[in-house]
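Take a look at the letters that make up each chain.
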Amino acid sequence: MTTPERHAGQSRVRAAAPRVRLVDVAREAGLSKTTVSAALNGTGRLSPAVRQKAVETARRMGYRPNATARQLRAGRARLIGYVVGEFAGEPWAYLDSPYFARLTGATSAAALRHGYALVMLPAGTLQREWADLPLEAVIVADPVQDDPLVEDLLAARIPVFSDASVAGRTGAHWVDIDTDAAVRESLDHLRAGGARRPALVLPDSTTRFHRETLAAYRAWCARHGTPERVTLVPTPGNGPVVRAVEQALTADPRPDGLFVVAEASPPLVMDAARRLGLAVPADVRVICVSEDESAAHADPPVSTLSLRPADVAEEGMSLLVSALEADGDTPQGVLLTARLRARKSSMHRN
């Protein structure tokens, strides 16, 4: 049985506090509504004392501008969609990836600094999941080859921000990594450390980065007269990547260098080599494409190639906002350089 006291308590919990209106702030501050509005928007010719009084009163009362009303007046929702082209079979699995976790977080933070909010969509998203959202643009990170989502968005005249696979498309902008230079630098580093038979562990993926990585690896092998040693990883995740690493390291002849592009925990890659009786870097030199901070604390510390997700997010959001707000002559794309962090796993044995 419910007592009157309990019923009254439940009513109090359910009751929402009334929203503080602009007119309430004006009345409390003893100012006009127009003056308070100008003070909060940073406009108007107001004395510093009046502006400060209005701002402090609004803060004390918990006043919050009505975002919906502002959007209606401006005719803009200031919402940007965000989706990862890969992982369509596991729509939210990209959040488990250190690279995509950093890219997503940095993109969201950069959007907020520019006054936009990020709307996260599942990988492999369908048109019905975004068609009714008031999106000003959509970021498609790492789209697959001929990604239907990119085609649908551009057909709907929604601006797309992505990698260089959209270069030249009307309504599209991009930021990308110089993949060819990154692969050459990594393989040259392994060769300088003594590796003459480097193997590549690569996702079985059609994204631009992975296609260009394979092409750059093959060109490097041809240039140095080295047979190609490529192991494809069928699905993302530590387990499949570690199994692919073991497969690569048990090939005959055994590689003496390993370039692991498929994302996995670097310490687990070291463990795989040890289980096979191999010493790193004495028997095999290793570089992982990774943003995982555990690489620096592995035994031995693992050399990593960073694709600079935070910089991609910052450059990309600045470019996208500039395009949306027509701020001068906006370039369509920006190419960044990857960052190789050389550690003991790829160094020449003394």
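Residues numbered from 1 in each chain as written. Predicted model: local features only at pLDDT ≥ 70, side-chain atom pairs only at ≥ 80, totals over all residues. Heavy atoms only, no water.

(A) Inspection of the environment of Val20 at higher detail. With respect to the helices and strands, the residue Val20 is situated in the loop between α1 (4-14) and α2 (22-29). For Val20, a relative accessible area of 18% translates into the label buried. In this structure the C-alpha to C-alpha distance between Val20 and Thr170, which are 150 residues apart in sequence, comes to 44 Å. Other than its neighbours up to four places away in sequence, Val20 contacts Val25, Met61, Gly62 and Tyr63. (Helix = DSSP H or I, 4+ residues; strand = E, 2+ residues; numbered from the N terminus. Buried < 20%, exposed > 50% of the residue type's maximum accessible area, 1.4 Å probe, protein only. Contact = heavy atoms within 4.5 Å.)

(B) Geometry of the pattern of salt bridges. In the structure shown here, the tally under the stated rule is 16 salt bridges. Between Arg184 and Asp180 there is a salt bridge; the shortest N-O distance is 2.9 Å. Taken together, the positions of Arg184 and Asp180, both in helix α8 (residues 179-192) and four residues apart, correspond to about one turn of that helix. The exposure class assigned to Arg184 is partly exposed, which follows from its relative accessible area of 32%. Its relative accessible area of 37% is what places Asp180 among the partly exposed residues. Note that Asp256 is salt-bridged to Arg197, the shortest N-O span being 3.8 Å. On the criterion of sequence distance, the pair formed by Asp256 in the loop between α10 (238-249) and β8 (257-260) and Arg197 in the loop between α8 and β6 (198-203) is long-range, its members being 59 residues apart. (Salt bridge = Lys/Arg side-chain N within 4 Å of Asp/Glu carboxyl O.)

(C) Representation of helix α7 (residues 148-155) in the model. Considered for burial, the residues of α7 that qualify are Leu149, Val150, Leu153 and Leu154. Across the axial projection of α7, the buried residues extend over an arc of 125°, all falling on one side. Facing away from the buried side of α7, by more than 90 degrees, are the exposed residues Pro148 and Ala155. Looking at the buried positions of α7, the neighbouring elements they touch are β1 (79-84), β3 (135-141), β4 (160-162) and β5 (172-177). Residue Asp147 occupies the N-cap position of α7, its side-chain oxygen lying 2.9 Å from the main-chain nitrogen of Leu149. Immediately beyond the C-terminal end of α7, within one or two residues, lies Arg157, with a positive phi of roughly 60°. (Arc of directions from axis to C-beta. Polar contact = N/O pair within 3.5 Å; in protein donor to acceptor, adjacent residues only side chain to side chain.)

(D) Layout of the sheet that holds strand β12 (residues 339-341). With mixed pairing, six strands are arranged side by side in an open sheet as β7-β6-β8-β9-β10-β12. What marks the edges here is a single partner per strand, and that holds for β7 (230-233) and β12. Averaged over neighbouring strand pairs, the angle between their axes works out to 15° when direction is ignored. Bridge analysis of β6 against β8 gives four bridges, and the strand direction is parallel. Bridged to Val201 within β8 is Val260. Along the sheet, helix α9 (residues 208-224) makes contact with β6 and β7, crossing β6 at roughly 165°. Lying over the sheet, α10 contacts β6, β7 and β8, oriented at roughly 165° with respect to β7. (Pairing = 2+ DSSP bridges. Axes fitted to C-alpha atoms, helices over the stretch in contact; angles between N-to-C directions.)

(E) Representation of the nonpolar core. One finds Tyr82, Phe100, Leu103, Ile139, Phe259, Leu305 and Leu307 to be the most contacted residues of the largest nonpolar core, which totals 49 residues. One finds Ala199, Val260, Val269 and Ala298 within the second-largest nonpolar core, a separate group that totals 25 residues. (Core = buried A, V, L, I, M, F, W, Y, C linked by side-chain atoms within 4.5 Å.)

(F) Highlighting the pairing of β6. Within β6, six of the six residues are buried, leaving the element largely enclosed by the surrounding structure. Alternating residues of β6 divide into Pro198, Leu200 and Leu202 and Ala199, Val201 and Pro203, and every residue in both groups is buried. Two strands pair when backbone bridges link them, and β6 and β7 are joined in this way by four bridges, in the parallel orientation. Residue Val201 lies in a different strand from β7, and its bridge partner there is Thr231. Handedness of the crossover is the feature at issue here: the chain leaves β6, passes through α9, returns alongside β7, and the resulting connection is right-handed. (Right-handed = clockwise from strand over helix to strand, strands pointing away.)

(G) Structural detail: a nonpolar patch on the surface. Together, Trp92, Leu95 and Met120 line one region of the surface with nonpolar side chains, adding up to about 270 Å² of accessible area. Along the chain, Met120 turns up in strand β2 (residues 117-120). Met120 sits in the partly exposed class, given a relative accessible area of 36%. (Patch = residues over 30% accessible without salt bridge, like charges linked within 9 Å, V, L, I, M, F, W, Y side chains within 5 Å. Areas by Shrake-Rupley, 256 points an atom, 1.4 Å probe, with all protein chains shown as cover.)

(H) Just the packing of aromatic side chains, in detail. In this structure the tally under the stated criterion is three aromatic pairs. Judged by centre distance (5.0 Å) and plane angle (75°), the rings of Tyr99 and Phe100 are edge-to-face. Phe100 gets classed as buried once you look at its relative accessible area, which sits at 4%. What links up through ring pairs into an aromatic cluster is the set Tyr82, Tyr94, Tyr99 and Phe100. Over the ring of Tyr116 we find Arg78; its NZ or CZ atom is 4.1 Å from the centre of that ring. (Phe/Tyr/Trp six-rings, centres within 6.5 Å; stacked < 30°, edge-to-face > 60°. Lys NZ or Arg CZ within 6 Å of the ring centre and 35° of its normal.)

(I) Molecular detail of the side chain of Thr179. Its place among the elements puts Thr179 in helix α8. Residue Thr179 is classed as buried on the basis of its relative accessible area of 1%. Not counting residues within four places of it along the chain, the set of residues in contact with Thr179 comprises Arg208, Phe209, Glu212 and Thr213.

(J) Representation of α10 in the model. The end-to-end C-alpha distance of α10 is 16 Å, a good match for the 16 Å that 12 residues give at a rise of 1.5 Å each. Of the positions making up α10, those classed as buried are Pro240, Val241, Val242, Ala244, Val245, Ala248 and Leu249. The inward-facing, buried residues of α10 abut β6, β7, β8 and α11 (266-275). (Expected span 1.5 Å × (residues − 1).)

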